[in-house]
Amino acid sequence: MEIAGWLQAGGWGLLAGGALMLGAGIGVRYAVPKRLVAAVMAFGSGVLISALSFELMDEALETGGLASTAAGFVVGAGIYTGANWLLARKGAKHRKRSTPQEGADPKAKASGTAIAIGALLDGIPESIVIGLSLLGGQGVSMAMVAAVFLSNLPEGLSSAAGMKRAGHSTGYILGIWAAIALASGLAATMGFTLFHQLPPEMLAATTAVAAGGVLAMVVDTMIPEAFDETHDFAGLIVAAGFLAAFTLSKLSS
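None of the values given here were measured: they were computed from a predicted structure.

What counts and how
- Residues numbered from 1 in each chain as written.
- Predicted model: local features only at pLDDT ≥ 70, side-chain atom pairs only at ≥ 80, totals over all residues.
- Heavy atoms only, no water.
- Helix = DSSP H or I, 4+ residues; strand = E, 2+ residues; numbered from the N terminus.
- Phe/Tyr/Trp six-rings, centres within 6.5 Å; stacked < 30°, edge-to-face > 60°.
- Buried < 20%, exposed > 50% of the residue type's maximum accessible area, 1.4 Å probe, protein only.

S.K.: I'd like a description of the environment of Ser158, backed by residues and values.
M.R.: Counting through the fold element by element, Ser158 comes out in helix H5 (residues 142–165). C-alpha of Ser158 to C-alpha of Gly27: the two residues are 131 residues apart in sequence and 6.4 Å apart in space.

S.K.: Could you give an account of the packing of aromatic side chains, with specific residues and numbers?
M.R.: For the coordinates displayed, the defined rule picks out two aromatic pairs. Pairing Phe54 with Phe242 gives two aromatic rings, centres 5.8 Å apart and planes at 70°, and the pair type is edge-to-face. Within this pair, whereas Phe54 is found in helix H2 (residues 34–64), its partner Phe242 is found in helix H8 (residues 234–252), the two being separated by 188 residues in sequence. Using a relative accessible area of 28% as the deciding quantity, one classes Phe54 as partly exposed. Judged by relative accessible area, Phe242 falls into the partly exposed class, the value being 29%. Considering the side-chain rings of Phe54 and Phe246, the 4.9 Å spacing of their centres and the 65° angle between planes classify their relative orientation as edge-to-face. Taken together, the residues span a long stretch of sequence, with Phe54 in helix H2 and Phe246 in helix H8 at a distance of 192 residues. Under the relative-accessibility criterion, Phe246 is labelled partly exposed at 29%. Among the aromatic side chains, those forming a connected cluster through ring pairs are Phe54, Phe242 and Phe246.

What follows is the structure, encoded as structure tokens:
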């Protein structure tokens with residue numbers, strides 16, 4: 001029996017979002033080396049960049065043309081950047097970091113609420129994209145699911161470790177990440193159900209908005225945190241992630 005499209009979208013979104021919960025569980029229980037977390041984050045950055053390049057932007061261009069795609073991309077990047085700037089002022093700038101930033105203003109200490117909102121800001125565009133990838137009728141984009149999973153795992157791990165260091169209880173931390181993982185599944189479902197009847201130009205713009213938001217998120221939050229620990233190897237690890245997603249995309253097409 002064929003599974004309904006909206007249910008598939010929700011399931012894949014929940015799987016990818018579940019990496020946050022998995023990472024959080026590891027982060028509150030074990031002291032994972034910071035360089036390992038950063039390496040996974042760098043690899044996930046490369047995977048995301050590749051996926052949005054060869055999956056999202058290509059699909060948007062073929063669906064609605066260059067004008068809609070370019071406009072949506074710029075809008076998505078602008079919305080994310082503005083929202084991220086506001087969150088940074090609330091103390092969530094280094095939400096993917098497991099240890100406090102040296103020299104940081106004590107008043108800028110991220111609250112659990114700021115971290116949670118930041119994680120939602122990072123994850124919603126990614127999850128919507130998973131739902132959108134099912135609209136072509138050829139199944140979910142495995143490259144995109146893998147990309148989101150690999151970006152969520154180190155985020156959940158490092159943020160949970162930082163929240164534990166800040167004094168939050170294990171139940172509080174895991175509860176937040178479980179709720180965000182559920183929200184990821186709902187966002188993927190919305191990506192499939194709310195946009196499948198849009199005209200091609202609007203669908204292309206919507207896909208590009210998500211792509212722009214994802215790219216801005218990678219550059220603003222993932223790559224800086226990864227570089228701080230992996231240093232000279234960051235570029236090589238990002239390139240490896242890019243190549244892995246590129247290969248997966250071509251093998252599954």
